[in-house]
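Chain residues, written in single-letter form:
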Amino acid sequence: MQILCPTCRGRKVIDLRCTSCNGCGEVFDGDKLCQCEECCGDGVLEDQDCPTCGGDGFIEIDED
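Residues numbered from 1 in each chain as written. Predicted model: local features only at pLDDT ≥ 70, side-chain atom pairs only at ≥ 80, totals over all residues. Heavy atoms only, no water.

Engineer: What is the right way to read the overall build of the chain from this model?
Structural biologist: Across its full length, the chain carries 0 helices and 6 strands. Ordered by position from N to C terminus, the α and β elements of the chain give β-β-β-β-β-β. For a compact globule of 64 residues, the expected C-alpha radius of gyration is about 11 Å, and the chain comes in at 16 Å, more than 25% above that figure. Relative to its 64 residues, the chain shows a buried fraction of 22%. Intrachain contacts of the chain at a sequence separation of at least 6 include 61% that bridge at least 24 residues. Looking at the chain, you have 5 positive and 15 negative side-chain charges, and the mean spots of the two groups are 6 Å apart. (Helix = DSSP H or I, 4+ residues; strand = E, 2+ residues; numbered from the N terminus. Rg over C-alpha atoms; globule rule 2.2 N^0.38 Å. Buried < 20%, exposed > 50% of the residue type's maximum accessible area, 1.4 Å probe, protein only. Contact = heavy atoms within 4.5 Å. Lys, Arg positive; Asp, Glu negative; His and termini not counted. Charge placed at Lys NZ, Arg CZ, Asp CG, Glu CD.)

Set out below in structure tokens:
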């Protein structure tokens, strides 16, 4: 039986915290703070496949 993924709620993708800036949107570049190039200063990486459902939007559960 399939149910809606509880992590992405069927969206198939999630916004993950940027690992380059740890979600703050800025990185220290020598002597100053600069906008993170990885996430463009947002702090999140958008539209990453959901790790729970693998981008399907649903997960399989056992019918016991």
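Additional details are given in the paragraphs that follow.
Engineer: Honestly, the state of the cysteines in this entry has me stumped. Any pointers?
Structural biologist: Disulfides are covalent bonds that connect the sulfur atoms of two cysteines. Using the criterion set out here, one finds 0 disulfides in the structure. Unpaired in terms of disulfides, Cys24 finds its nearest cysteine sulfur in Cys21, a separation of 4.7 Å. In this structure Cys34 is not part of a disulfide, and its nearest cysteine sulfur, from Cys36, lies 10 Å away. (Disulfide = S-S within 2.5 Å.)

Engineer: So what exactly am I meant to see when it comes to the pairing of strand β3 (residues 26–29) here?
Structural biologist: The side chains of a regular strand alternate, residue by residue, between the two faces of the sheet. Examined bridge by bridge, β3 and strand β4 (residues 32–35) share 4 bridges and lie antiparallel to one another. Paired with Val27 across the two strands is Cys34, which belongs to β4. Hairpin connection between β3 and β4: a loop of 2 residues separates the two successive antiparallel strands, and Gly30 in this loop has a positive phi of roughly 75 degrees. (Pairing = 2+ DSSP bridges.)

Engineer: Even after reading the chapter, I still don't get the nonpolar core, so can you show me in this structure?
Structural biologist: It is characteristic of soluble globular proteins that their nonpolar side chains tend to be buried jointly. In terms of nonpolar packing, the biggest core is built from 5 residues, these being Cys5, Cys8, Ile14, Cys50 and Cys53. When neighbours within four sequence positions are excluded, Cys5 is seen to be in contact with Gly10, Cys50, Thr52, Cys53, Gly57, Phe58 and Ile59. (Core = buried A, V, L, I, M, F, W, Y, C linked by side-chain atoms within 4.5 Å.)

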